[in-house]
Amino acid sequence: MARDLLNRYIWIIDTIRRYGRISRKDLDSMWAASRYANGESRIPRRTFYNYRQAIEELFSLTISCDPNTYEYFIAEEPGSASEQITNWLLNASATSNVLQESREIASRIMLEEVPSARDFLAPMMEAVRDSRVVTFDYHPYTRVNPNRGVELEPWFLRIYRQIWYVTGREVSSGKDKTYALDRISNLSLQSRTFTPPGMLNPKEYFKNFYGVMVTNAQSRRVVLRANTRQAKYLRALPLHHSQQEEINDTYSRFTYNLCLTDDLVSTILSMGDSVVVEQPKELRAMVLSQLHSTLDNYPPESSLTENI
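Chains are numbered independently. Their residues run from 1 in the order of the written sequence. With pLDDT at 70 or above as the cut-off, local features in this predicted model cover only qualifying residues; side-chain atom pairs require 80 or more to be listed or tallied, and sums for whole chains, interfaces and linings still use all residues. In computing side-chain properties, one takes all heavy atoms of the structure into account and sets aside hydrogens as well as water.

Novice: Can you tell me about the side chain of R8, naming the residues and giving the values?
Specialist: In this description a helix means any DSSP run of H or I spanning at least four residues, a strand means any run of E spanning at least two, and both kinds are numbered starting from the N terminus. Positionally, R8 belongs in helix α1 (residues 2-19). In the analysis that follows, any N or O atom pair within 3.5 Å is treated as a polar contact, provided that within protein one partner can donate a hydrogen and the other can accept it, and provided that, for residues neighboring in sequence, both atoms belong to side chains. A polar side-chain atom of R8 sits 3.1 Å from a polar atom in the side chain of Y51. Contacts are assigned to residue pairs with any non-hydrogen atoms lying within 4.5 Å of each other. Contact partners of R8, with chain neighbours within four places excluded, come to W31, Y36, N38 and Y51.

Structure representation (structure tokens):
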């Protein structure tokens, strides 16, 4: 029953947002044709009121009614954090609903694993919400033994390449640090609270970076030349919010304002020969260094045979 109610809330939100503004008559008509109607020709007035209240509590969305047109709408600031979170929740919920109804073809659906979300996402969200210090052991891939008893003042969470990360102030060093939740163990929420820095905004914090690595370096003008096929992918899924494109006959030139990090280099390398770094020369050198290191791992066949 709880799942069915959630699905109804999602249906109402999605329908109103898709139409922008919709009359109660049209909403009722669409409801009657949906799988949630159960033979009802309209949403009962009291039921609709209860659904609106629940939607506001669960999603922090207010379904308003224009007194002049009697149309319902959801007022959101475009591009706001609230809108992005709502979109993410709706997409995740909609996907979950579809998968629940498609169990008979489960063997033919392949999903990506998000290992960090299952165990530590909920308590870390609680810590961020309540500004509570957390302690945990952290096992980075670069160390044999974990760092034990890390104390962190968590500021915000983000997901990157199917991994959840938490960013905050590491208490002992006083430095800003980012940790992957899938490499955390023995997480504990402390009763001690902290005061987050003023005007803390994750979009502002990461605005000049690609990925989760943050440095003190100044941002640079990055120029990538992509062939026409790769340009379509970059157009559909921009690498960064600062992306600008100059279209030519056989290629496109993409310009960004970014700091140079290993995350950026690895992403450029993942595009293979479809992308070339034009500027800056430091980024070209970083990419070339990685390419040479990779080639060093592939000696000539004769040398490989001799080693075996």
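Okay, back to it.
Novice: Tell me about the nonpolar core, and name the residues and values.
Specialist: A general tendency of soluble globular proteins is for nonpolar side chains to be buried together. Think of a nonpolar core as a cluster: buried Ala, Val, Leu, Ile, Met, Phe, Trp, Tyr and Cys residues, connected wherever their side-chain atoms sit within 4.5 Å. Note on exposure labels: buried denotes an accessible area under 20% of the residue type's maximum, exposed denotes more than 50%, and partly exposed covers the range between, all computed with a 1.4 Å probe on protein chains only. Of all hydrophobic cores here, the largest spans 39 residues; its most connected members are F136 and L283. No other element matches the four residues that strand β6 (residues 163-170) contributes to this core. Among all residues touching F136, those that are not within four sequence positions of it are N147, R148, G149, V150, L152, Y179, I184, S185, N186 and L187.

Novice: Hey, could you go over the packing of aromatic side chains for me, with residue numbers and the actual values?
Specialist: Note on aromatic pairs: the rings of Phe, Tyr and Trp (six-membered ring only in Trp) are paired at centre separations within 6.5 Å, and the planes decide the class, stacked below 30 degrees, edge-to-face beyond 60, tilted for the rest. Here the structure, examined in full by the defined rule, presents 13 aromatic pairs. Relative to Y205, the ring of F156 has its centre 5.3 Å away and its plane inclined at 65 degrees; by these criteria the two rings are edge-to-face. Taken together, the residues F156 in strand β5 (residues 147-160) and Y205 in helix α6 (residues 202-205) connect sequence positions 49 residues apart. Between F156 and F206, the ring centres sit 5.9 Å apart and the planes meet at 70 degrees, which makes this aromatic pair edge-to-face. Of the two residues, F156 sits in strand β5 while F206 sits in the loop between α6 and β9 (220-227), which places them 50 residues apart along the sequence. Counting every residue linked through ring pairs, the aromatic cluster contains Y9, W11, W31, Y36 and Y51. The ring of F73 carries R21 above its face, with NZ or CZ at 4.4 Å from the centroid. Charge over a ring is defined by NZ of Lys or CZ of Arg lying within 6 Å of the ring centre and within 35 degrees of the ring normal. Across from the ring centre of F206, 4.5 Å away, lies the NZ or CZ of R158, which sits over that ring.

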